Amino acid sequence: MTPVTSMNLSLRPLDPLKDAELLHTWVTHPKAAFWMMQDAKLEDVERAYMEVAADEHHHALLGLQDGVPAFLMEKYDPVHRELVGLYEPQPGDVGMHFLVPATDTPVHGFTRAVITAVMDELFADPRTRRVVVEPDVTNKAVHALNEAVGFVPEREIQKPEKRALLSFCTRRQYLAARAASRGVAI
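Keep in mind the model is a prediction, meaning the values are calculated, not measured.

Another point: the side chain of His-58. Relative to the elements of secondary structure, His-58 occurs in strand E2 (residues 58–65). The class of His-58 is buried, set by a relative accessible area of 10%. At 2.8 Å, the side chain of His-58 forms a polar contact with the side chain of Glu-74. What His-58 contacts, discounting residues up to four positions off in sequence, is Val-52, Glu-74, Lys-75 and Tyr-76.

What follows is the structure, given as structure tokens:
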């Protein structure tokens, strides 16, 4: 895939076996608590992502910065995964998760660049009309980040593993948020 931002971010399919060790360090870090894999063993991570790889309704991509693994993206079909029975899906809905691992040397604006790259990837598919997210209600940092790229919260929902804030972002909302962040009127 091609670079998607000035930070030279790109995406490639996740290899569940090859990438499991790296993912294990990311998802078990205390700062990844919202990923809910704190106590996972390497085998648990391998198994989880082998299941994703075998699932036609759920896909994992490894985000790269200058060719080096830097973040994780998941997209899923909410008609079949994650949100079944919790909201009324519309044609063109795509669910999304992303994880930027903890680092000792944070780069200002990196997480914003990552979510922008993720949204660009999702909306690159002309069938995508709306992106759906369901972060933990207590994850205020991701709520602010989601809002910055155009997500609008709809309501809280109870998932089996968490209380979540169901939010949506249409293509139009995303493009407007991107234009506003660059000071461009649309």
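Glancing now at the pattern of salt bridges. By the definition in use, this model includes 12 salt bridges. Between Asp-44 and Arg-47 there is a salt bridge, with the nearest N and O atoms lying 2.8 Å from each other. Residue Asp-44 and its partner Arg-47 are both found in helix H2 (residues 42–54); the two are separated by 3 residues, about one turn of the helix. On the basis of relative accessible area, Asp-44 is assigned to the partly exposed category, the value being 27%. Note on Arg-47: relative accessible area 46%, which makes it partly exposed. The salt bridge partner of Arg-155 is Glu-154, with a shortest N-O separation of 3.3 Å. For Arg-155, a relative accessible area of 35% puts it in the partly exposed group. Of the residues examined, Glu-154 reaches a relative accessible area of 47% and is grouped as partly exposed. It is possible to trace a salt-bridge network through shared partners that takes in Glu-82, Glu-134, Lys-159, Glu-161 and Lys-162.

Calculation notes
- Residues numbered from 1 in each chain as written.
- Predicted model: local features only at pLDDT ≥ 70, side-chain atom pairs only at ≥ 80, totals over all residues.
- Heavy atoms only, no water.
- Helix = DSSP H or I, 4+ residues; strand = E, 2+ residues; numbered from the N terminus.
- Buried < 20%, exposed > 50% of the residue type's maximum accessible area, 1.4 Å probe, protein only.
- Polar contact = N/O pair within 3.5 Å; in protein donor to acceptor, adjacent residues only side chain to side chain.
- Contact = heavy atoms within 4.5 Å.
- Salt bridge = Lys/Arg side-chain N within 4 Å of Asp/Glu carboxyl O.

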